[in-house]
Amino acid sequence: MKGDRMKYIYTCILSLLSITAIAQEVYTLEQCREMALEHNKERKTSLLQGDKAKYDVRVYRAKFFPHLSAQGNFLFSQKKLEEHTPEIKLPTFPLAGTTPNGFVGIPAMPISFDLNKSWTAGVNLKQPLFMGGQIVSAYKMAKIGREMAEVNQQLTNAEVIFQTDNAYWTLLKVKELLLASQKYEEVVEHLLADIKNAYEVGMKSRNDMLKVQVKLNEARLQRRRAENGVTVARMNLCHVLGLPLVQEIEIVESSLDGEAKELPLVADVLMRPEYQLLDKQMELKRQQIRLTRGDYLPKIGVSAGWNYYDAFKLNETKMFKGGSFSALFSVSVPLFQWGEGINRVKSMRAEQQIAELQRDDASEKMMLEMTVALNQVDESKLEVAMTTESLAQAEENLKISADQFEVGLETLTEHLEAQTLWQKAWAENIESKAQLRLNETKYLKASGQLDKE
């Protein structure tokens, strides 16, 4: 039941492939890289982060310049204050130095205060002169953030290219493994046909025929696994490129045979995006110290404005009407905070030291990783040479075994073993060539040269 279900799923996948594949596209490695970079969502996110960092730089740069604002107010109030002044009697003096001989009265008067329909309008200009260095520090931090966003784009590009190369060379590897399994199956089928003919005339036993049949079943299973591997590898490459998983695509390279790259050697990891990000983090911590220190330094600013008033009626007479200019110069000096400022600055310096230690530790690990990657390339080159030689020897051994088997100088078991060794040597040679390509890409990534390549 389980086998039938898997067969049904496999048939459905092949049907979808045949239905949706309108035209088979052929891609080079460079085209695959470009398509993957264009499609990858993480790269799109890093590009948006770069745009955000650019806008942040403009935001903090604007703080160096005066800020102009306009404001207006209009008051609607139904409340009207009405009062009366008390009656006042003042003494009269006919001559200086004499006693008063009478009083004069000032009668009570009505007074009304009306704020209804009062309005003001004006413009104001503010200019910070000195803010404890905080504006400068914030601006520099924004620029560092923009640089970090650019480096992060390089890191994302390197990751995408590495994934693309991995999918590309994996597809080519499984295609060659499929070819090897097909050739091996053909060889075993040819041998089985010869054994059957010999069995029919009584020259070979049924046991010999069954042995070859078992080998043929194993060869067919290997071919089916290789076919499934090609299907999955092609779907994986489509996923990396942003194409439908069932789209039929092909790659330009038809063989892994090719000379190894001349890799540029570097003596440090300064080009690696990871190191550059840690280095930028150090610069960011230094600016954060200055920004924190600025909270406890004097701040100086100036503002100027012009306002027009039309407000406040006293007994139906406007008391304020007209425009006026004003200027304000302000100074704020922090005096005492019980050691808060000193301790905050020391805390930020400790964070800077932590970041420096993390950068140095990561630098050593990246150097180790680069060395290991270079050694793996060297080992892969040697492995390719050895497996190529082993494949040539296995082919020669298979040819000699076939000749000796035909004249009866070698048993069937020995001949089957020679075929198995030949198929194994071929598969190992393919694996070593594919691994060399991947190790070359891994070294370029470990040395910080993959995106620049």
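Before going into details, it helps to say that this report is about the structure given with it.

**Focus: the pattern of salt bridges**
Within this structure, the stated rule accounts for 22 salt bridges. In this structure, the salt-bridge partner of Lys-52 is Asp-56, at a minimum N-O distance of 3.0 Å. You can see Lys-52 and its partner Asp-56 sitting in helix 3 (residues 41-61), four residues apart, about one turn around the helix. According to the relative accessible area criterion, Lys-52 is exposed, its value standing at 51%. Linking Lys-445 and Glu-159 is a salt bridge whose minimum nitrogen-to-oxygen distance equals 3.2 Å. Highlighted residues: Lys-445 in helix 8 (residues 412-446) and Glu-159 in helix 4 (residues 134-200), separated in sequence by 286 residues.

**So, the state of the cysteines**
Evaluated as defined, the whole model comprises zero disulfides. Of all cysteine sulfurs in the structure, the one in Cys-238 sits closest to Cys-32, which takes part in no disulfide; the separation is 9.3 Å. On the accessibility criterion, Cys-32 (0% relative accessible area) is buried. Under the relative-accessibility criterion, Cys-238 is labelled buried at 0%.

**Describing the environment of Thr-231**
Residue position: Thr-231 is located in helix 5 (residues 206-241). Judged by relative accessible area, which is 13%, Thr-231 ranks as buried.

**Brief notes about the packing of aromatic side chains**
Per the stated rule, a full pass over the model turns up five aromatic pairs. Ring centres of Phe-64 and Tyr-139 lie 5.5 Å apart, and the angle between their planes is 85°; on these two criteria the pair is classed as edge-to-face. Taken together, the residues Phe-64 in the loop between helix 3 and strand 2 (67-75) and Tyr-139 in helix 4 connect sequence positions 75 residues apart. Between Trp-422 and Trp-426, the ring centres sit 5.5 Å apart and the planes meet at 45°, which makes this aromatic pair tilted. Linking Trp-422 with Trp-426, this pair stays in helix 8, spanning four residues, or about one helical turn. Take Trp-422: its relative accessible area is 9%, and that puts it in the buried class. Using a relative accessible area of 18% as the deciding quantity, one classes Trp-426 as buried. In textbook terms, an aromatic cluster arises when at least three aromatic residues are bridged by ring pairs, as seen for Tyr-184, Trp-422 and Trp-426. Sitting over the face of the ring of Trp-169, Arg-437 holds its NZ or CZ atom 5.7 Å from the ring centroid.

**As for the packing of helix 4 against helix 6 (residues 273-294)**
Two elements in contact, helix 4 and helix 6, have axes whose closest approach is 9 Å; the angle formed by their N-to-C orientations is 165°. It follows that helix 4 is roughly antiparallel to helix 6 by the angle criterion. When you trace helix 4 past helix 6, the crossing you get is left-handed.

**Quick notes on unusual backbone geometry**
The backbone of Trp-338 shows a phi angle near 60°, a positive value even though the residue is not glycine. Positionally, Trp-338 belongs in the loop between strand 10 (317-332) and helix 7 (340-406).

**A look at a nonpolar patch on the surface**
Together, Leu-129, Phe-130, Val-302, Phe-329, Val-331, Val-333, Leu-335, Phe-336 and Trp-338 make up a nonpolar patch on the protein surface, roughly 1100 Å² of accessible area in all. Those elements giving two or more residues to the nonpolar patch turn out to be strand 7 (118-130) and strand 10. When you line up the elements, Val-333 lands in the loop between strand 10 and helix 7.

The rules behind each value
- Residues numbered from 1 in each chain as written.
- Predicted model: local features only at pLDDT ≥ 70, side-chain atom pairs only at ≥ 80, totals over all residues.
- Heavy atoms only, no water.
- Salt bridge = Lys/Arg side-chain N within 4 Å of Asp/Glu carboxyl O.
- Helix = DSSP H or I, 4+ residues; strand = E, 2+ residues; numbered from the N terminus.
- Buried < 20%, exposed > 50% of the residue type's maximum accessible area, 1.4 Å probe, protein only.
- Disulfide = S-S within 2.5 Å.
- Phe/Tyr/Trp six-rings, centres within 6.5 Å; stacked < 30°, edge-to-face > 60°.
- Lys NZ or Arg CZ within 6 Å of the ring centre and 35° of its normal.
- Axes fitted to C-alpha atoms, helices over the stretch in contact; angles between N-to-C directions.
- Parallel < 35°, antiparallel > 145°, perpendicular 65-115°, else oblique.
- Left-handed = near helix turned anticlockwise from the far one by under 90°.
- Patch = residues over 30% accessible without salt bridge, like charges linked within 9 Å, V, L, I, M, F, W, Y side chains within 5 Å.
- Areas by Shrake-Rupley, 256 points an atom, 1.4 Å probe, with all protein chains shown as cover.

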